[in-house]
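Take a look at the letters that make up each chain.
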Amino acid sequence: MRFLLLLINLVYLTSLTYAEPEVEEHKEDKDALSLKNVNKILDELSQKIDDLTSGQMELQRRIEEIRTSDSYNHNNEFETSSLKDQCKEVCQDLNGIVDADPIHKVLKKRDVSSKAKGPTSASGERKPTLQESFRETLDELKAGQTAILSHLLEYRKEFKARHDIQESMLRRSFSYGHEWITILSRTHYGSSNVSWHNYKHGHSNVGFYFLGLESLYLRTNYDSAHELMIIFHDWNNQTRYAKYDLFQIGDEDEQYALRKLGKYMGNAGDSLSPHLYKKFSTYDRDNDENDEVNCAQTYGGGWWFFGNCTTSMLTGPYRYEEDSNMWGVSWSSWRGWNYSLKSVEMLIRPTL
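Once a new chain begins, its residue numbering starts again from 1 and follows that chain's sequence as written. Given that this is a predicted model, residues contribute local features only at a pLDDT of at least 70 and side-chain atom pairs are listed and counted only at 80 or more, while totals for whole chains, interfaces and linings are drawn from all residues. Each side-chain value is derived from all of the structure's non-hydrogen atoms; neither hydrogens nor water enter the calculation.

**Q** Please set out the sheet that holds strand β8 (residues 264-266) residue by residue, giving values where relevant.
**A** The rule for pairing is simple: two strands pair if DSSP sees at least two bridges between them. Strands here mean DSSP runs of E at least two residues long; helices mean DSSP runs of H or I at least four residues long; both are numbered from the N terminus. Across the sheet, which stays open at both edges, the 7 strands sit in the order β2-β3-β1-β11-β4-β5-β8 with antiparallel pairing between neighbours. For this open sheet the edge positions go to β2 (203-205) and β8, each flanked by a neighbour on one side alone. Taking the axes of each pair of neighbouring strands and ignoring which way they run, one obtains an average angle of 20° across the sheet. The criterion used for residue contact is that any of the two residues' heavy atoms lie within 4.5 Å. Between the N-to-C directions of two axes lies an angle of 0 to 180 degrees, each axis being a line fitted to C-alpha atoms and, for a helix, fitted only over the stretch in contact. Along the sheet face, helix α6 (residues 213-222) touches β1 (181-186), β3 (208-210), β4 (226-233) and β11 (343-350) and points at about 35° away from the line of β11.

**Q** Residues and numbers for the state of the cysteines, please.
**A** Disulfides are defined as cysteine sulfur pairs within 2.5 Å. On inspection of all chains with the given rule, the structure shows 1 disulfide. The side chain of C295 participates in a disulfide bridge whose partner is C309; the two sulfur atoms lie 2.0 Å from each other. Because the sign of the S-S torsion sets the handedness, a value of about -80° for the bond joining C295 and C309 places this disulfide among the left-handed ones. Placement of C295 in helix α7 (residues 295-299) and of C309 in the loop between α7 and β9 (312-313) is noted, with a sequence separation of 14 residues between them.

**Q** Mind laying out the pattern of salt bridges, listing which residues take part and the relevant values?
**A** Here, a salt bridge means any Lys or Arg side-chain nitrogen found within 4 Å of an Asp or Glu carboxyl oxygen. Evaluated as defined, the whole model comprises 7 salt bridges. With a shortest N-O distance of 3.8 Å, E252 and R285 are connected by a salt bridge. Of this pair, E252 sits in the loop between β6 (247-249) and β7 (258-261) while R285 is found in the loop between β8 and α7, placing the two residues 33 residues apart along the sequence. Accessible area is worked out with a 1.4 Å probe on protein chains only. A residue is then buried under 20% of its type maximum, exposed over 50%, and partly exposed in between. The class of R285 is partly exposed, set by a relative accessible area of 29%. Of the charged contacts in the structure, one is a salt bridge between E289 and K278, with a shortest N-O distance of 3.2 Å. Taken as a pair, E289 in the loop between β8 and α7 and K278 in the loop between β8 and α7 lie far apart in primary sequence, 11 residues in all. Judged by its relative accessible area of 48%, E289 is partly exposed.

**Q** How would you summarise the nonpolar core if you had to cite specific residues and measurements?
**A** Ranked by internal contacts, the top residues of the largest apolar core, which has 45 residues, are L228, F232, F247, L314 and W331. Among residues more than four places away in sequence, those in contact with L228 are W180, I183, A242, K243, Y244, F247, L261, L272, M346, L347 and I348. In terms of nonpolar packing, the next biggest core, distinct from the first, is built from 5 residues, W180, M229, Y241 and L347 among them. Buried Ala, Val, Leu, Ile, Met, Phe, Trp, Tyr and Cys residues that are joined via side-chain atoms within 4.5 Å together make up what is termed a nonpolar core.

Right, dumping it as structure tokens:
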């Protein structure tokens, strides 16, 4: 009887020994099948990682290229913005791959199993699970993206600071302790084709400001001599200026003619001197020397027009970048007549 009991126990233990590998073998086959899908997606992920790396290198190269240039180019901004969006898109794809079914289930199951079994390396340390490795790669990519976006933001701040310093230096040049006073400002769309009355007394709306001819006459005739500076910005965010060491207009009886214009200096070219001694004209008061057309009505704003109308026109129609390849807010000696500037400001200040 005792021998029979020992035999039964031996058969039972033998059955357990052979049954366990079958379960494990079945489990291994199932995991292997699932990991084929993982490997396929990992290949796709690897390609996306390569694309992202190339995008990061290109973005850094372009940023450095722009940083060393003299001006900021609108097309460069579009390119860097596109690369930034690419970084975001790839990182979003990575999040989607990690959390997607059936990959997430397989990784989670293996992660739990690995933690339960505690896989170790030859040195006895626990090996990272596949999901942990996946997450670590994703975190590294996110960190790289954050660094690039931070670098781009730093560049934009640096560019703005350089731009502000440049303009500040223009405003402070030869200051003699006097502040500049804005007499004309164009920043975006705003009606400039207004009546003589509006130009005489001053006019302001969104994107357009004019001090007023009467006030300008009083300042330049009774408040000591004045100089004039004009600051221009084009659609590539380049800045130029034209400065005249004397500026004076006549009174209304003289039709606010451009009475005096001093010596020019600057880097935008001189497009105002041809208007010297010319009377101011508006659509409802034609003082130009052209017998065929009303220049103010034709070009959509008041100015000191002459026989051929104008070589500069800072009160013309405001045109946005897509329509900037024609006259509007124009200064012919810099960007040519068929170009409308992004913004312009005319300023005066006493010279004594």
